Each structure stands twice: as structure tokens, then as C-alpha cells.
Amino acid sequence: MNIELKNDLLNLPQLQSQVDTIVFDYIDSKPNWSKAYEQLNTLLQKCAQNFNGYIARNNGALPKASTYWVLYMDIVAKLLYFTGLAKSHLIAIEDQEATAQIIELYKTSASCLPNASLEDNEEFISEVQKSLDKLAGRKLELLTSEKTDTCIEKFYALSKTME
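First, a word on what this report is: a plain description of the structure on this page. Bear in mind the structure is a predicted one, so any value in this text is a computation, not a measurement.

**Here's the deal with the overall build of the protein chain**
- When you go through the protein chain residue by residue, the secondary structure sums to six helices and two strands.
- Computed over its C-alpha atoms, the radius of gyration of the protein chain comes to 15 Å, within 12% of the 15 Å expected for a compact globule of 163 residues.
- Each of the three principal axes of the protein chain carries a C-alpha extent, and together these read 40 × 30 × 30 Å.
- Here the protein chain, with 163 residues, has 48% of them falling under the buried criterion.
- Summing over all exposed atoms, the protein chain offers an accessible surface of approximately 8800 Å²; the carbon and sulfur share of this is 49%.

**Thoughts on unusual backbone geometry**
- Of note, Asp8 is a non-glycine position whose phi angle comes to about 65 degrees, a positive value.
- Its location among the elements puts Asp8 in the loop between strand S1 (5-6) and strand S2 (9-10).
- Phi at Asn59 takes a positive value of approximately 55 degrees, unusual for a residue other than glycine.
- When you line up the elements, Asn59 lands in the loop between helix H2 (33-57) and helix H3 (67-88).

**Regarding the packing of aromatic side chains**
- Throughout the structure, instances matching the rule amount to twelve aromatic pairs.
- The interplanar angle of 85 degrees and the centroid separation of 4.9 Å between the aromatic rings of Tyr68 and Trp69 together place this pair among those described as edge-to-face. In this pair, the class of Tyr68 matches that of Trp69, namely buried.
- Here the aromatic rings of Trp69 and Tyr72 are separated by 4.9 Å at their centres, their planes lie at 65 degrees, and the arrangement is edge-to-face. Placement of the pair is Trp69 and Tyr72 together in helix H3, with a separation of three residues, close to one helical turn. Take Trp69 and Tyr72: they sit in the same class, and that class is buried.
- Clustering of aromatic rings is evident, with ring pairs tying together Phe51, Tyr54, Tyr68, Trp69, Tyr72, Phe155 and Tyr156.

Conventions we followed
- Residues numbered from 1 in each chain as written.
- Predicted model: local features only at pLDDT ≥ 70, side-chain atom pairs only at ≥ 80, totals over all residues.
- Heavy atoms only, no water.
- Helix = DSSP H or I, 4+ residues; strand = E, 2+ residues; numbered from the N terminus.
- Rg over C-alpha atoms; globule rule 2.2 N^0.38 Å.
- Buried < 20%, exposed > 50% of the residue type's maximum accessible area, 1.4 Å probe, protein only.
- Areas by Shrake-Rupley, 256 points an atom, 1.4 Å probe, with all protein chains shown as cover.
- Phe/Tyr/Trp six-rings, centres within 6.5 Å; stacked < 30°, edge-to-face > 60°.

This is how it looks when you write it as C-alpha cells:
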């Protein structure tokens, strides 16, 4: 599963297509949670590596909000959520460490989504909230962001832990 690079940036239409295909094939159509998790987690790792590489090539500076980064963060937010959702179907309910990791993926997903309050994103945030509450067994607060720069910072914090 390769993602093309152009000028050291991921090909976003290709990345979106790969995420959509995995979600459709292994989550929506005929659930195969292990295959979904394996492939989504691989994409997430590649995104994190590319993101960290981009920052390293730019002397540690985070990218500034632009159309590219808004689209990037939108895809990453959904990738984080679906990776967590797939993993949540593979763990034992009493596995506290795995549960905490999934909760972090859900929370980061919501905080990475640019313009989370837009009507187009309300259904997604609602789905993330339901999954979070179900996994946690109680109502947890989801923090969202309206600023792409804040979304980028949130993903960077997570991506550093994936190195």
C-alpha cells in the first residue's frame, strides 16, 4: 500500500481513496476488523512518518494552514477514528492499556478535524462521541478545534509517539 509523494507531500486524493476503500471493504460491507485495523494502522503510520519527515525537513517548523493541510487533517482525523474503531473490535474489554490508546485515537481524531462545527462534520463528530462513550462506558468530553494550526499541533503531538 504505497502513497505517492509530490514535492515531499502525500498525494491526498490517493490517500483518501485508500482510506475509503478500506472502510468500505472491511468495515461497512463485510466487517473484517483485523484486516481493517492492519491496513488503516499502516496508513496512519505512513502519514505520521511523512508528517514528521516534513517537519524535520523544515527545521522543526509545523506547517502553516493552507488548503493542502486542511484536507490532510480532514483525512487524518477520519483515519484516526477508523483505526481506533477497528482496534476497539479486536481488544478484550478489560484491556485497559489498549482501551486508553483507542480513547486517545478518538480524542485526537476529533481535535484534528478542521472546522469541526461545520454541518458536514457534525455527523462524524457525533459518531466519534458515541464510539468514545461506548468504549469508556461513560460520557467523556470531546474537544474539537476550528483552527487548522491547532489541528496540526494535535496530530504532531500524536505523531511523535509513533516514531
